Amino acid sequence: MGSNRSSFTGKIGFVLAAAGSAVGLGNIWRFPYLAAKYGGGIFLLVYIVLSVTFGFALMVAEIAIGRKTQLSAISAYGSLDKRFSFVGVLGALVPVIILPYYSVIGGWVMKYMVGFAAGHTSQMAEDSYFGNYLGLTWEPVLWFLLFIGITAVVVMLGVEKGVEKVSKVMMPILIGLILVIVIYTLVTMDGAWDGVVYYLKPDFSKFSMMTVVAAMGQLFYSMSLAMGIMITFGSYIKKDISIEKSVKQIEIFDTGVAFLAGLMIIPAVFAFSGGNEEALGQGPGLMFVTLPKIFEAMPGGAFIGAAFFVMVLFAALTSSISLMETVVSIFMDKLKWGRKLSTLAVLGTSLVLGLCSSLGYSVWAEVRIIGMQLLDFFDFFSNSLLMPVVALATAIFIGYVLKPKTVIEEVELSGPFKQKKLFAVVIRYVAPACILVILISSILTAFGVFKI
Ligand code: PFF
């Protein structure tokens, strides 16, 4: 067990690896469309409040469990208490559901990257381009296959480190480019400042239960929580690394990138649509519809567009690789299968589910599960149902069975735990209460009581 686990060389290695897994399409594609849809400033406020309380406590807890048990999630819960083995299993199911549709979006990113590189900027900036593209049936499927194929080859060959190295160079460039796009939009586009106000100023009349449900689902997704990943990361870190400080850095980084992505997209939607509700609420397509319009207006837009999507592609690949690696390592540990066979098995299930998500926009466009298109349904199922259940069980487990003291002691191995009071209160009272409310709202939403 412990002795042959590989470990991160130091704190920076750990923070960067965890941040690499955390920063992905969740920050760049998912956060802006949710913020636009659920009221702008109010969503941002709820998200930040949840992140520093709830996200903080849960991430500390997961990393501490991993470091204490030296096990990955599926075994860690069971090793501490047999009755909670199910939490590990449910957590392991989350990446199985996310990976396929994540790869469908990854395929869209590749298509856009190639489109800009080929100079099709003005066609891509047309309102109907994205919708028409999704309706093409097979082309999006081919890009999905390519994206998941690359992910599988990297995982099969075990060469993640190489991709991580490239992505460490790409990440700062991506952030720099986002800043350039933000400044360009704000300086040149009429109406963009109204969008900044919409994004930054909380409008309490827009607050609804769905704001909290969506913000919490996004928090899990973006910070890779409630799916066992942080437990696995925790099992690799040494005892002298400060969990508290690392978590703060990962959170600031992850939220910072999401915040900037919102600032890049939301004011631009305002500038192009005059703050029209329908444009703001369009959902998963938002980034793909809005960004090409900015690139079209920018000097050198085709080049900047292609460069931007290359970098997003790398961020997406590091995330999809860590998603697939998680599932593959479970197969290897539990079924004692080899790496190749496990990867092929994961690839097989992902192909089936991914195909459903992709075709859900074309030949199966009429198919609805509880009123949602297939991709939206998978997203809702993992983020709004499965992850809250895992998070609730984790909070109850740590708060009442293991007791916060166990986590606090683990954290204090490297020095004092400054926010231990906050941690204990959140994990025992705030988190279970909030998640329960969220779960009930999600279930009511699923039954059509709330509007999504
Ligand atoms: N946190 C990633 C994102 O925001 O895109 C998604 C993700 C990646 C979740 C890797 C889980 C994971 F293992």
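Coordinates for the structure precede this section.
These numbers come from a predicted model, not from an experiment. (Residues numbered from 1 in each chain as written. Predicted model: local features only at pLDDT ≥ 70, side-chain atom pairs only at ≥ 80, totals over all residues. Heavy atoms only, no water.)

1. A closer look at the side chain of Ser222
Part 1 of the reasoning: On the secondary structure map, Ser222 appears in helix 11 (residues 209–222).
Part 2 of the reasoning: Residue classification places Ser222 among the buried positions, given a relative accessible area of 1%.
Part 3 of the reasoning: In this structure Ser222 touches Ala22, Asn27, Tyr47 and Asp254, once residues within four positions along its chain are discounted. (Helix = DSSP H or I, 4+ residues; strand = E, 2+ residues; numbered from the N terminus. Buried < 20%, exposed > 50% of the residue type's maximum accessible area, 1.4 Å probe, protein only. Contact = heavy atoms within 4.5 Å.)

2. A word on empty space enclosed by the protein
Part 1 of the reasoning: Scanning the model with the defined rule gives one cavity of 30 Å³ or more in all.
Part 2 of the reasoning: Quantified by volume, the largest cavity comes out at close to 130 Å³.
Part 3 of the reasoning: Taken together, 15 residues make up the lining of the largest cavity; nearest its centre are Ser21, Tyr102, Tyr221, Ser224 and Leu323.
Part 4 of the reasoning: Mapped by element, the contributors of at least two residues to the lining of the largest cavity are helix 1 (11–22), helix 2 (25–37), helix 5 (85–117), helix 11 and helix 16 (301–335).
Part 5 of the reasoning: For the lining of the largest cavity, the leading source of residues is helix 16, giving three residues.
Part 6 of the reasoning: Residue composition of the lining of the largest cavity, by class: eight nonpolar, seven polar and no charged. (1 Å grid on protein atoms, 1.4 Å probe; cavity = no way out; pocket = protein on both sides within 12 Å on 5 of 7 lines; lining within 4 Å. Points joined across faces, edges and corners; volume = space filled by probe spheres on them. Nonpolar A, V, L, I, M, F, W, Y, C, P; charged D, E, K, R; others polar.)

3. What to know about the packing of aromatic side chains
Part 1 of the reasoning: This structure, assessed with the given rule, holds 29 aromatic pairs.
Part 2 of the reasoning: Ring geometry for Trp108 against Phe288: centres 5.4 Å apart, planes inclined by 85 degrees, an arrangement best described as edge-to-face. One end of the pair, Trp108, is in helix 5; the other, Phe288, is in helix 15 (residues 286–297), and 180 residues separate them in sequence. Here the two residues Trp108 and Phe288 agree in accessibility, since each one is buried.
Part 3 of the reasoning: Counting every residue linked through ring pairs, the aromatic cluster contains Trp108, Tyr112, Phe116, Tyr129, Phe130, Phe288, Phe295, Phe308, Phe309 and Tyr361.
Part 4 of the reasoning: Between the NZ or CZ atom of Lys293 and the centre of the ring of Phe272, over which it lies, the distance is 5.9 Å. (Phe/Tyr/Trp six-rings, centres within 6.5 Å; stacked < 30°, edge-to-face > 60°. Lys NZ or Arg CZ within 6 Å of the ring centre and 35° of its normal.)

4. Quick notes on the packing of helix 16 against helix 17 (residues 339–359)
Part 1 of the reasoning: Their axes nearest at 9 Å, the elements helix 16 and helix 17 cross at an angle of 125 degrees. By the criterion of interaxial angle, the relationship of helix 16 to helix 17 is oblique. Crossing handedness for the pair helix 16 and helix 17: right-handed. On the side of helix 16, the interface is formed by Met324, Glu325, Val327, Val328, Phe331 and Met332, while helix 17 contributes Arg339, Ser342, Thr343, Ala345, Val346 and Leu347.
Part 2 of the reasoning: Each residue belonging to the contact of helix 16 with helix 17 can be placed in one class, and the counts come to eight nonpolar, two polar and two charged. (Axes fitted to C-alpha atoms, helices over the stretch in contact; angles between N-to-C directions. Parallel < 35°, antiparallel > 145°, perpendicular 65-115°, else oblique. Left-handed = near helix turned anticlockwise from the far one by under 90°.)

5. Examining the site of the ligand
Part 1 of the reasoning: Close to the ligand lie 15 residues; Ala22, Gly26, Tyr102, Tyr221 and Ile229 are nearest.
Part 2 of the reasoning: At 2.9 Å from a nitrogen atom of the ligand is found a main-chain nitrogen or oxygen belonging to Ala22.
Part 3 of the reasoning: With respect to the ligand, the backbone of Ser222 contributes an N or O atom lying 3.0 Å from a nitrogen atom.
Part 4 of the reasoning: When the ligand is considered free in solution it has 330 Å² of accessible area, and contact with the protein chains removes 100% of it.
Part 5 of the reasoning: Only helix 1, helix 2, helix 11 and helix 16 provide two or more residues apiece to the shell around the ligand.
Part 6 of the reasoning: Class assignment for the residues of the shell around the ligand results in seven nonpolar, eight polar and no charged. (Near = heavy atom within 4 Å. Polar contact = N/O pair within 3.5 Å; in protein donor to acceptor, adjacent residues only side chain to side chain. Areas by Shrake-Rupley, 256 points an atom, 1.4 Å probe, with all protein chains shown as cover.)

6. Things to note about helix 19 (residues 404–411)
Part 1 of the reasoning: Among the eight residues of helix 19, six are classified as buried, and the element is accordingly described as predominantly covered.
Part 2 of the reasoning: For helix 19, the complete set of buried residues consists of Pro404, Thr406, Val407, Ile408, Glu410 and Val411.
Part 3 of the reasoning: Where the residues of helix 19 are buried, they touch helix 3 (41–69), helix 13 (243–273), helix 18 (374–402) and helix 20 (420–446).

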